[in-house]
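Here are the chains, one letter per residue:
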Amino acid sequence: FAVVMDLLTKLGRKDISVLKIGTPHPLPLDLVNDFIARHENVLLLEETYPVIELQITDRRNVKGRWNGYVPRAGELTPEVVEELVCKALGETCTRDADEDLKKAIEELKITPKPPMLCPGCPHRASFFAIRKAFPDGIYPSDIGCYTLGVNQKTVDTSICMGASVTQSSGFYLAHKVDGQLRPIVATIGDSTFFHMGLPGLVNGVYNKHAFVLAILDNQVTAMTGGQPHPGTGQKLRKGDSGRIVPIERAVKGCGVEFVKRVEAYDIDEGVKALKEAWEYAKDHREPAVVIFGHPCMLLRQEQPKVPVRVEEETCVGCKFCINFFNCPGLVFDESSKKAYIDERFCVKCGVCVNVCPHGAIQVISEEGK
Ligand SMILES: Cc1ncc(C[n+]2csc(CCOP(=O)(O)OP(=O)(O)O)c2C)c(N)n1
């Protein structure tokens, strides 16, 4: 809707009526049918499946996904919307998306990067610990911000809510058949765990499947906008409070005996707990759980600031930090072939100090050294 309104303003087309649908189900059918009846041509833009379009009684004037005017698949990005609106209005499309992007990149002086976890995100530290503990692990994962652990080569799968746990069972059984056992370390967010992780964990305990489940507890449902969940005890409606369901107790209630909570920023503590957990899982043929706790950076809680720098003489330009820590604040300078800290993104979480195998990332002391 916002893209369409921007576009019509840009084109100076005040003569075009726009109907914004707030509830596709139940659809205000009288309003929609009346709108369509009053216009010769109606362009219908909706993500993702043509839910509104299929409910319209008379679709003869409607151009949408169902009749193929709007591409049946793919996201309705601003570029696609612009093309469609211009086509429907008989206007020529003026926008060159590539040029716009190039200009913005030059103006902001940034290096284009793929999507990454936020600076200071506790998940980054947890993934680093997982890979450090088991560089040859199998890493089933799930859906949330933490799916971005794929950048740190610590997310092998992401199918649907809860699949990290059930796939771990599957990988364990497959390995049992071929007589090998590589460490299986699954990752799941705290919210996803309550949502769909519990049944798989009960299944794993009941059927004696050995794997480590790392629950990434950032105290929020970050990816979808920061909703609370049973582990937080808060409710969406202000002033409405619920009762906390502690993750540890839910895990124990599933029958898991090995449960350990660690501070996500503490990589050494995480590595140690993961190794213990895998030993326990293998020996007892059952799932073991490590909870990585640290609040999401978007909750804006105060935390100690640890300013860091990359010591140029020590950095060998191996890109290990870029490839396995993957922080927006750590950048590789192609001319000097060294890593450096981009102060614009660094939130001084200090976790990267533990990352460089050559010790090139160092805390800046009070004297600025
Ligand atoms: C069946 C289903 N319901 C809802 C969603 C929407 N959704 C995407 S990620 C997510 C939860 C993410 O929260 P969490 O597991 O705590 O991870 P975080 O994003 O905080 O790292 C939800 C509910 C979904 N993908 N699938």
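Looking at an unreviewed UniProt entry, one finds the chain named Indolepyruvate ferredoxin oxidoreductase subunit alpha and attributed to Acetomicrobium hydrogeniformans.

**Student:** Describe the state of the cysteines, with residues and values.
**Tutor:** This model, assessed by the stated rule, comprises 0 disulfides. Cysteine 352 takes part in no disulfide bond, and the closest cysteine sulfur, belonging to cysteine 349, lies 6.1 Å away. Taking relative accessible area as the criterion, cysteine 352 reaches 8% and is therefore assigned buried.

**Student:** Give a detailed account of the nonpolar core, specifying residues and quantitative values.
**Tutor:** Residues Leu201, Leu213 and Leu274 are the most contacted members of the largest nonpolar core, which totals 69 residues. The element best represented in this core is helix 10 (residues 267-284), accounting for 7 residues. Counting only domains with at least three residues in this core, you end up with domain 2 (122-299) and domain 3 (308-363). When sequence neighbours within four positions are dropped, the list of residues in contact with leucine 201 reads Val165, Phe193, Phe211, Leu213, Val251, Cys254, Val256, Pro287 and Val289.

**Student:** How would you summarise the site of the ligand if you had to cite specific residues and measurements?
**Tutor:** The full set close to the ligand counts 17 residues, and His123, Cys145, Asp190, Thr192 and Ala222 are the nearest of them. Within the contact set of the ligand, an oxygen atom lies 2.5 Å away from a side-chain nitrogen or oxygen of threonine 192. Contacts to the ligand include methionine 223, whose backbone N or O atom sits 2.9 Å from an oxygen atom. Computed on the free molecule, the ligand has an accessible area of 590 Å², of which 72% lies beneath the protein chains in the complex. Per-element accounting of the shell around the ligand gives the leading share, 4 residues, to helix 8 (residues 190-206). Partitioning the shell around the ligand into residue classes produces 7 nonpolar, 9 polar and 1 charged.

**Student:** Report on unusual backbone geometry, specifying residues and quantitative values.
**Tutor:** Of note, the amide linkage connecting histidine 25 to proline 26 takes the cis form, showing an omega dihedral of 0 degrees. Backbone torsion omega between glutamate 47 and threonine 48 reads -10 degrees, so that peptide bond is classified as cis. Unlike most non-glycine residues, glutamine 219 shows phi in positive territory, near 65 degrees. Relative to the assigned elements, glutamine 219 resides in the loop between strand 6 (212-217) and helix 9 (247-253).

**Student:** Would you mind going over helix 2 (residues 29-37) in detail, with residue names and values included?
**Tutor:** When we look at burial in helix 2, the residues that qualify are Val32, Phe35 and Ile36. Projection of helix 2 onto a plane perpendicular to its axis shows the buried side chains occupying an angular sector of 95 degrees, all on one side. Facing away from the buried side of helix 2 by more than 90 degrees, the exposed set consists of Asp30 and Ala37. Of the surrounding secondary structure, the elements contacted by the buried residues of helix 2 are strand 1 (42-43) and strand 2 (62-63).

**Student:** Mind laying out the pairing of strand 6, listing which residues take part and the relevant values?
**Tutor:** For strand 6, the buried fraction is high: 6 of the 6 residues fall into the buried class. By the alternation rule, side chains of strand 6 split into Val212, Ala214 and Leu216 and Leu213, Ile215 and Asp217, which are all buried. Examined bridge by bridge, strand 5 (residues 185-189) and strand 6 share 5 bridges and lie parallel to one another. The residue of strand 6 that forms the bridge with glycine 189 is leucine 216. One crossover worth recording links strand 5 to the parallel strand 6 by way of helix 8, and it is right-handed.

**Student:** So what's going on with the packing of aromatic side chains? Residues and values would help.
**Tutor:** Inspection of every chain in the model, using the stated rule, returns 5 aromatic pairs. With a centroid separation of 5.4 Å and 45 degrees between ring planes, the pair formed by phenylalanine 258 and tyrosine 280 is classed as tilted. A residue pair is termed long-range when its members are at least 10 positions apart, and phenylalanine 258 in the loop between helix 9 and strand 7 (259-263) and tyrosine 280 in helix 10 qualify at 22 residues. Between phenylalanine 320 and phenylalanine 324 the ring centres are 5.0 Å apart and the planes differ by 40 degrees, which places this aromatic pair in the tilted class. Within this pair, phenylalanine 320 and its partner phenylalanine 324 are both found in helix 11 (residues 320-324), separated by 4 residues, close to a single helical turn.

**Student:** Would you mind going over the sheet that holds strand 7 in detail, with residue names and values included?
**Tutor:** The strand order across the open sheet built from 4 strands is 5-6-8-7, with neighbouring strands paired in parallel fashion. Bordering the open sheet on either side are strand 5 and strand 7, each of which pairs with just one other strand. On average, each strand axis in the sheet is tilted by 25 degrees relative to the strand beside it, whichever way the strands run. The pairing of strand 6 with strand 8 (residues 288-293) spans 6 bridges and is classified as parallel. Residue pairing in the sheet places leucine 213 in a bridge with valine 289 of strand 8.

**Student:** Could you give an account of the environment of threonine 157, naming the residues involved and the relevant values?
**Tutor:** On the secondary structure map, threonine 157 appears in strand 4 (residues 157-158). Residue classification places threonine 157 among the buried positions, given a relative accessible area of 16%. Threonine 157 sits 98 residues away from glycine 255 along the chain, and the two C-alpha atoms are 25 Å apart. The residues contacting threonine 157, other than those within four sequence positions of it, are Tyr139, Pro140, Ser141, Asp142, Gln167 and Phe171.

**Student:** Before we move on, can you summarise the side chain of threonine 154 with the specific residues and values?
**Tutor:** Within the fold, threonine 154 resides in the loop between strand 3 (140-141) and strand 4. What makes threonine 154 buried here is its relative accessible area of 1%. Of the polar contacts made by the side chain of threonine 154, one reaches the backbone oxygen of glutamine 152; its length is 2.8 Å. When neighbours within four sequence positions are excluded, threonine 154 is seen to be in contact with Phe127, Ile130, Arg131, Tyr139 and Gly149.

Conventions used here
Sequence order as written defines residue numbering, which begins from 1 separately in each chain. Where local features are concerned, this predicted model is filtered to residues with pLDDT of at least 70; where side-chain atom pairs are given and counted, the filter is 80 or more; whole-chain, interface and lining totals use all residues. Hydrogens and water are ignored here; the side-chain numbers use all heavy atoms of the structure. Cysteine sulfur atoms are paired as a disulfide whenever they fall within 2.5 Å. Residue burial is assigned from relative accessible area. The probe radius is 1.4 Å, only protein chains are included, and a residue is buried under 20% of its type maximum, exposed over 50%, and partly exposed in between. Put simply, a nonpolar core is a bunch of buried Ala, Val, Leu, Ile, Met, Phe, Trp, Tyr and Cys residues held in one set by side-chain atoms that sit within 4.5 Å of each other. Numbering of helices and strands starts at the N terminus; helices are DSSP runs of H or I of at least 4 residues and strands are runs of E of at least 2. Where each domain begins and ends is defined by an automated method or by a domain database. The contact definition used throughout considers only heavy atoms, calling two residues in contact when any of these lie within 4.5 Å. Near residues are defined by distance, with any heavy atom within 4 Å of the molecule or strand qualifying the residue. As used in this structure description, the phrase polar contact means that two N or O atoms lie within 3.5 Å; if the pair is within protein, one of them must be able to donate a hydrogen and the other to accept it, and residues adjacent in sequence are counted only when both atoms belong to side chains. Per-residue and other accessible areas follow the Shrake-Rupley method at a 1.4 Å probe size, with only the shown protein chains counted as cover for residues. Only Asp, Glu, Lys and Arg are considered charged, only Ala, Val, Leu, Ile, Met, Phe, Trp, Tyr, Cys and Pro nonpolar, and every remaining residue, Gly among them, polar. Read the arc as the range of directions from the helix axis to the C-beta atoms. The rule for pairing is simple: two strands pair if DSSP sees at least two bridges between them. Orient the strands so they point away from the viewer, and a crossover whose first-strand-to-second-strand path over the helix runs clockwise is right-handed. Two rings from Phe, Tyr or Trp (for Trp, the six-membered ring) form a pair when their centres are within 6.5 Å of each other. A pair whose planes differ by under 30 degrees is stacked, one over 60 is edge-to-face, and the rest are tilted. With axes taken as lines fitted to C-alpha atoms, and helix axes fitted only over the stretch in contact, angles between N-to-C directions fall between 0 and 180 degrees.

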